[in-house]
Amino acid sequence: MPGLKLYGFGCESEYVGANVLIGFLILLIFQFAGELIVIAIGMPVPGPVVGMVLLLIGLILKGEVPECLRIPSEALLKHLALLFVPAGVGLMTHFGLLKQDWLAILLALIVSTALTIVVTALILNPSAKKLHNLNQDNS
Amino acid sequence: MEFWVFFTAKPLMWLIVTIMTFIATSWFNRRLGGTPLLHPVLVSLSLIIVFLLLTGTSYETYFEGAQFIHFLLGPATVALAVPLFDHFERVKKMLLPLIVACMAGAITAAASALLVAQALDASVGTLLSIAPKSVTSPIAIGIAEKLGGYPSLASGLVLITGAIGCVLAPAIYRILNITDEAVKGFTLGVSAHGMGTAYAFEYGLMAGAFGGLAMGMTGAFTAFMLPLLVSLLGIG
């Protein structure tokens, strides 16, 4: 992408290849900062979640998402589902417990997931509707 | 025989198997109209488990290769800040209802799962591994460890919950007449963590962003709430 100028977060480089690498580095650095904070404070929250909050604060302060960060971020999020496969294969180490408690596990998961969806959606839906009406009134 | 032992011991092969299986199952799923019942994650992990059992490969050996994919969960979680920022105006306007919905959803998820499993006489180890099932894997693993459950069982149950959420959500949205993208995404994030978020991205970037927000909020809130809930229900 010639002529594309990028500022801030250290991605002024002219070359898109190098930019994407810098964007990925930014993600890792924020994750690392999150991990350090979690260890320092002893929070039960995972480091990447804290890193996400830190990056969000950084983006709010900056006022925009630099292109070099957007490209690797959207690429990772597009393939988010793949990233769960290795952990999921770990189920094979628990066949014994699964065999013993499978009915309880299955019913508990289905019932509680359905209830969670209903409760969350019903609480949120009225305010989303209100917001829609507000937006329509303004325009 | 010796060749096979040498071959499977190479971590690279399991990396290739994982990505190839996922590409194939995603393609297959799209051909079937994207049904969440045959979610590429679930089909992939079933196929890989069968393959590992057939070749007599241990999970540890498999993970030596697959860890390079697993590792990307960290930066991907951080990257959720980007779509969140893009929809920050919308998030700001709805902040209070979002927090209330997240807390109510997280408590419903953990309490109802524990009560149903307890009523059906599940073992204590299973109960404590079920409790964090609506939370994104890295947080769920930490919670299960702290409570005395099995971390790897917890991460597996998290995935099954994710798939169940993706199957149930569209039907429930139709019944309750939920049409708003932000509500759909946020609800998927609360009930089905990262898999729900990945699924929400199919409704659009805004749904995905709200899913990611919900996943982060639910994870953080559950980590604090669950120890209290477990002692309240007298488990463990």
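Preceding this paragraph is the structure being described.
Right, let's walk through the structure included here.

## Quick word on the overall build of chain A
The secondary structure content of chain A amounts to five helices and zero strands. The helix and strand sequence of chain A, counted from the amino end, reads α-α-α-α-α. Here chain A holds 139 residues, and the buried ones make up 45% of them. Sequence separation of at least 24 residues holds for 46% of the intrachain contacts in chain A that already meet a minimum separation of 6. In the form shown here, chain A has an accessible surface area of approximately 7,100 Å², with 70% of it arising from carbon and sulfur atoms.

## Focus on the packing of aromatic side chains
Residue and element names in this part refer to chain B. The final tally for this structure, using the stated rule, is six aromatic pairs over all chains. Aromatic side chains Trp14 and Tyr62 sit 6.0 Å apart centroid to centroid with 65 degrees between the ring planes, which places their arrangement in the edge-to-face category. Residue Trp14 is found in helix H2 (residues 11–31), and its partner Tyr62 is found in helix H4 (residues 59–70); the two are separated by 48 residues along the sequence. Of the two residues examined, Trp14 and Tyr62, each falls in the buried class. When the ring of Tyr59 is compared with that of Phe63, the centres are 5.7 Å apart and the planes differ by 45 degrees; the resulting orientation is tilted. Residue Tyr59 and its partner Phe63 are located together in helix H4, separated by four residues, close to a single helical turn. Relative accessible area serves as the criterion here: at 14%, Tyr59 is assigned to the buried category.

## Focus: unusual backbone geometry
All names here are of chain B. The backbone of Asn177 sits at a positive phi, close to 60 degrees, despite the residue not being glycine. In the Ramachandran plot, His193 falls in the positive-phi region, its phi being about 40 degrees despite a non-glycine side chain. Here His193 lies in helix H12 (residues 181–200). Residue classification places His193 among the buried positions, given a relative accessible area of 0%.

## Section: the layout of surface pockets
A volume near 620 Å³ is recorded for the largest pocket. In terms of lining residues, the largest pocket is bounded by 22 residues, among which Lys78 and Ala81 of chain A together with Arg30, Ala198 and Glu202 of chain B are the most central. At the level of secondary structure, the elements contributing two or more residues to the lining of the largest pocket comprise helix H3 (67–78) of chain A together with H2 and H12 of chain B. For the lining of the largest pocket, the element with the highest residue contribution is H2 of chain B, accounting for six residues. A class-by-class count of the residues in the lining of the largest pocket yields twelve nonpolar, six polar and four charged.

## Some points on the packing of H2 of chain B against helix H3 (residues 40–54) of chain B
Residue and element names in this part refer to chain B. Where H2 contacts H3, the two axes come as close as 9 Å, and the packing angle between them is 135 degrees. Between H2 and H3, the interaxial angle falls into the category oblique. Two packed elements cross with a definite hand, and for H2 against H3 that hand is right-handed. The segment H2 lies against H3, with Met13, Trp14, Val17, Thr18, Thr21, Phe22, Thr25, Ser26 and Asn29 engaging Pro40, Val41, Val43, Ser44, Leu47, Ile48, Phe51 and Leu52. Its residues assigned to classes, the contact of H2 with H3 shows eleven nonpolar, six polar and no charged.

## Digging into the side chain of Thr161 of chain B
Within the secondary structure, Thr161 of chain B sits in helix H11 (residues 151–176). A distance of 2.8 Å separates a polar side-chain atom of Thr161 of chain B from the backbone oxygen of Leu157 of chain B.

## Here's the deal with the interface of chain A and chain B
In this complex, chain A contributes 72 residues to the contact, which on the side of chain B involves 95 residues. Here chain A and chain B share an interface that buries about 7,400 Å² over both sides, 84% of which is from carbon and sulfur atoms. For the pair chain A and chain B, the interface holds one salt bridge. Here chain A and chain B share eight residue pairs in polar contact (both at pLDDT 80 or more) between them. Among the elements of the structure, helix H1 (16–41), helix H2 (47–62), H3, helix H4 (85–89) and helix H5 (95–138) of chain A are those that each provide at least two residues to the side of chain A that touches chain B. Within the side of chain A that touches chain B, the residues separate by chemical class into 51 nonpolar, 17 polar and four charged.

The rules behind each value
- Residues numbered from 1 in each chain as written.
- Chains lettered and ligands numbered in written order.
- Predicted model: local features only at pLDDT ≥ 70, side-chain atom pairs only at ≥ 80, totals over all residues.
- Heavy atoms only, no water.
- Helix = DSSP H or I, 4+ residues; strand = E, 2+ residues; numbered from the N terminus.
- Buried < 20%, exposed > 50% of the residue type's maximum accessible area, 1.4 Å probe, protein only.
- Contact = heavy atoms within 4.5 Å.
- Areas by Shrake-Rupley, 256 points an atom, 1.4 Å probe, with all protein chains shown as cover.
- Phe/Tyr/Trp six-rings, centres within 6.5 Å; stacked < 30°, edge-to-face > 60°.
- 1 Å grid on protein atoms, 1.4 Å probe; cavity = no way out; pocket = protein on both sides within 12 Å on 5 of 7 lines; lining within 4 Å.
- Points joined across faces, edges and corners; volume = space filled by probe spheres on them.
- Nonpolar A, V, L, I, M, F, W, Y, C, P; charged D, E, K, R; others polar.
- Axes fitted to C-alpha atoms, helices over the stretch in contact; angles between N-to-C directions.
- Parallel < 35°, antiparallel > 145°, perpendicular 65-115°, else oblique.
- Left-handed = near helix turned anticlockwise from the far one by under 90°.
- Polar contact = N/O pair within 3.5 Å; in protein donor to acceptor, adjacent residues only side chain to side chain.
- Buried area = accessible area lost by both parts, 1.4 Å probe.
- Salt bridge = Lys/Arg side-chain N within 4 Å of Asp/Glu carboxyl O.

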